[in-house]
Amino acid sequence: FTLKVRARSQGQEIIVFVEGWGLVAGRRRLLERNECFMHPAGTESADYRTAAVFRNPQVRWLRVKVYTYLKVGDIRFESVDLVPKE
């Protein structure tokens, strides 16, 4: 998959977790996780793109979680898209 993010930040580090979930003993469980880091360089909106790869063939569902780290301040996520690899 390709993760595409458009965001505006005051310098906070952006991390997006793209998780692959599946069934283990009949229960939904996290099987794999991609940690996708983005490093804003200014206060203007910027586009980020990174790969999210799942190797476990039992992954059936995906979950996307957006977080920020370090500095206190405003961050705006304008779009977060997960698309099949181009």
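Anything mentioned here points back to the structure above.
Residues numbered from 1 in each chain as written. Predicted model: local features only at pLDDT ≥ 70, side-chain atom pairs only at ≥ 80, totals over all residues. Heavy atoms only, no water.

Things to note about the sheet that holds strand 4 (residues 46-51)
- Across the sheet, which stays open at both edges, the 3 strands sit in the order 4-1-6 with antiparallel pairing between neighbours. Every interior strand has two partners, whereas the edge strands, strand 4 and strand 6 (75-83), have only one. Across this sheet, the average inter-strand angle for adjacent strands is 20°, counted without regard to direction.
- With 6 bridges connecting them, strand 1 (residues 2-9) and strand 4 associate as antiparallel partners. Among the inter-strand pairings, Thr 2 is bridged to a residue of strand 4, identified as Ala 51. (Pairing = 2+ DSSP bridges. Helix = DSSP H or I, 4+ residues; strand = E, 2+ residues; numbered from the N terminus. Axes fitted to C-alpha atoms, helices over the stretch in contact; angles between N-to-C directions.)

Description of the sheet that holds strand 5 (residues 61-69)
- Here 3 strands make up an open sheet; going across it, the order is 3-2-5 and the pairing antiparallel. Each edge of the open sheet carries a strand with a single partner, namely strand 3 (27-38) and strand 5. Neighbour-to-neighbour, the strand axes of this sheet turn through a mean angle of 25°, independent of strand direction.
- Two strands pair when backbone bridges link them, and strand 2 (residues 13-24) and strand 5 are joined in this way by 9 bridges, in the antiparallel orientation. Note on strand 5: the bridge partner recorded for Gly 20 is Leu 62.

With respect to the pattern of salt bridges
- Within this structure, the stated rule accounts for 4 salt bridges.
- Two residues, Asp 47 and Arg 6, come together in a salt bridge whose shortest N-O distance is 3.0 Å. Here Asp 47 is found in strand 4, whereas its partner Arg 6 is found in strand 1, with 41 residues between them in sequence.
- Take Asp 47: its relative accessible area is 57%, and that puts it in the exposed class.
- Across the salt bridge formed by Glu 19 and Lys 65, the nearest N and O atoms sit 3.3 Å from each other. One end of the pair, Glu 19, is in strand 2; the other, Lys 65, is in strand 5, with 46 residues separating them in the sequence.
- Given a relative accessible area of 2%, Glu 19 falls into the buried group.
- A single salt-bridge network, built from bridges that share partners, covers Arg 6, Asp 47 and Glu 78. (Salt bridge = Lys/Arg side-chain N within 4 Å of Asp/Glu carboxyl O. Buried < 20%, exposed > 50% of the residue type's maximum accessible area, 1.4 Å probe, protein only.)

Looking at the side chain of Glu 19
- Polar side-chain contacts of Glu 19 include one of 3.0 Å to the side chain of Trp 21.
- Apart from the residues within four sequence positions on either side, Glu 19 is in contact with Leu 30, Glu 32, Arg 33, Phe 54, Trp 61, Leu 62, Arg 63 and Lys 65. (Polar contact = N/O pair within 3.5 Å; in protein donor to acceptor, adjacent residues only side chain to side chain. Contact = heavy atoms within 4.5 Å.)

By themselves, these are just geometric observations and shouldn't be taken as functional.
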